[in-house]
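If you want the building blocks of each chain, they are given just below.
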Amino acid sequence: MSGTGLRYRLSRPRHHRPARRRRALWPVGRAGWPRLPRLPRTRRGQRRAVQVAMVACVLGLVPSTWTHAVADSRVRTIANVPSRDVAVVFGAGLRSGRPTPYLAHRLDAAAELYRTGKVRVLLVTGDNSREEYDEPDAMRTYLVERGVPDGRIVSDYAGFDSWDSCVRARKIFGVERAVLVTQGFHVRRAVALCEAAGVASYGVGVTERHDLTWYYGEIRELFASGKGAAEAVLRPDPTFLGPRETGVTRALEADEADGTAGADATAGTAGTAGTDKANAVDGAG
């Protein structure tokens, strides 16, 4: 009988415990959508929740307030921006290998700065992390098509974000003063970052119509300002630093040489005209 009981116990199916359900990281409702946390029921809890929300809002706005405080007085228009040797044009994406409309507007403003003599050299900075994606070369092509001499354009192929572009402009290309060209919603952060990187800057904010892209840019800046404030305080190295480059210096020297040659040619023409006039007077006499 004991043997039978043993066989019964061995052959009896084991009782399996149901699998333990893992607690979700976020409460999920019946339809599978995340369920919002319940608001505190007590007056004290509600007051605490309001205080936490207010502190979060204030902390979120501090970086944006910082960019405005630093850069508001240094944002100008093409007409009234002070003259500088160099303008830095920030990349803003490509579409089928050509500048996006926002980037094209930045380049149009930079070309106008060059044509009006506000700047002598354009430093185009953008992303070339992939072989098939080359912002600086697309920017150069666009500017040359609009009359800017190729020799007055310098390319920075490692301007992966605003901070990288500012640091590289100072440390790699030796730019100490510049006009920054970008959209209005980005220009204050660009000025604040370049000032922190050691580039004394004025910004020209390109005006855009308030479309979906503009609103996205405005909202994005609220978050990007926090990243920018951290970069200005911590001052990290850019993604790629590399050796010092002399492109900006050589472009300025070439511009100066062309200006000297032009002035000499003008002076020579005026001198020749004066001599011819004097000879004509002597001949008449």
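Residues numbered from 1 in each chain as written. Predicted model: local features only at pLDDT ≥ 70, side-chain atom pairs only at ≥ 80, totals over all residues. Heavy atoms only, no water.

1. Comments concerning the packing of helix α5 (residues 162-171) against helix α6 (residues 184-197)
α6 packs onto α5 with a crossing angle of 40° between their chain directions and a minimal axis gap of 9 Å. When the axes of α5 and α6 are compared, the pair comes out oblique. Taken as a pair, α5 and α6 cross one another with a handedness that is right-handed. Of the residues in α6, those touching α5 at Ser-162, Trp-163, Cys-166, Val-167 and Arg-170 are His-186, Arg-189, Ala-190, Leu-193, Cys-194, Ala-196 and Ala-197. Residues that form the contact of α5 with α6 fall into these classes: eight nonpolar, two polar and two charged. (Axes fitted to C-alpha atoms, helices over the stretch in contact; angles between N-to-C directions. Helix = DSSP H or I, 4+ residues; strand = E, 2+ residues; numbered from the N terminus. Parallel < 35°, antiparallel > 145°, perpendicular 65-115°, else oblique. Left-handed = near helix turned anticlockwise from the far one by under 90°. Contact = heavy atoms within 4.5 Å. Nonpolar A, V, L, I, M, F, W, Y, C, P; charged D, E, K, R; others polar.)

2. Side note on α6
With 14 residues, α6 extends 20 Å between its outermost C-alpha atoms, agreeing within 8% with the 20 Å of an ideal straight helix rising 1.5 Å per residue. Those residues of α6 not exposed but buried are Phe-185, His-186, Val-187, Arg-189, Ala-190, Val-191, Ala-192, Leu-193, Cys-194, Ala-196 and Ala-197. Looking one or two residues past α6, Gly-198 carries a phi angle of roughly 100°, positive in sign. (Expected span 1.5 Å × (residues − 1). Buried < 20%, exposed > 50% of the residue type's maximum accessible area, 1.4 Å probe, protein only.)

3. Concerning the state of the cysteines
A full pass over the atoms with the stated rule returns one disulfide. Paired through a disulfide, Cys-166 and Cys-194 show a sulfur-sulfur distance of 2.1 Å. For the disulfide bridge between Cys-166 and Cys-194, the dihedral angle about the S-S bond is near -80°, and by the sign convention the bridge is left-handed. Placement of the pair is Cys-166 in helix α5 and Cys-194 in helix α6, with a sequence separation of 28 residues. (Disulfide = S-S within 2.5 Å.)

4. Let's talk about unusual backbone geometry
A negative phi angle is the norm for most residues apart from glycine, just as the trans form is the norm for most peptide bonds. Even without glycine at this site, Ser-96 takes up a positive phi of about 55°. Looking at the element boundaries, Ser-96 is found in the loop between β3 (94-95) and β4 (98-99). What makes Ser-96 exposed here is its relative accessible area of 79%. Positive phi is not limited to glycine here, since Arg-235 has a value of about 50°. Within the fold, Arg-235 resides in the loop between α7 (212-234) and α8 (247-284).

5. Here's the deal with the nonpolar core
Note that soluble globular proteins tend to have their nonpolar side chains buried in a common cluster. One finds Phe-90, Leu-123, Val-154, Phe-173, Val-175, Leu-180 and Val-248 to be the most contacted residues of the largest nonpolar core, which totals 28 residues. Apart from residues no more than four positions distant in its own chain, Val-175 is found in contact with Val-86, Leu-123, Ala-169, Arg-170, Val-199 and Val-248. One finds Leu-122, Val-124, Leu-143 and Val-181 within the second-largest nonpolar core, a separate group that totals 27 residues. (Core = buried A, V, L, I, M, F, W, Y, C linked by side-chain atoms within 4.5 Å.)

6. Overview of a nonpolar patch on the surface
Residues Ile-219, Leu-222 and Phe-223 make up a contiguous nonpolar surface patch of roughly 340 Å² in combined accessible area. Mapped onto the secondary structure, Leu-222 falls in helix α7. (Patch = residues over 30% accessible without salt bridge, like charges linked within 9 Å, V, L, I, M, F, W, Y side chains within 5 Å. Areas by Shrake-Rupley, 256 points an atom, 1.4 Å probe, with all protein chains shown as cover. Salt bridge = Lys/Arg side-chain N within 4 Å of Asp/Glu carboxyl O.)

7. Overview of the sheet that holds strand β7 (residues 177-183)
Spatially, the six strands line up as an open sheet ordered β1-β8-β7-β2-β5-β6, and their pairing is parallel. Two strands lie at the open edges of the sheet, namely β1 (75-76) and β6 (153-156), each paired on one side alone. Sheet topology places β1 next to strand β8 (residues 200-206); two bridges connect them, and they run parallel. By the bridge assignment for β8, Arg-76 is matched with Val-204. Lying on the sheet, α5 is in contact with β2 (86-90), β5 (121-125) and β6; it crosses β2 at an angle near 155°. (Pairing = 2+ DSSP bridges.)

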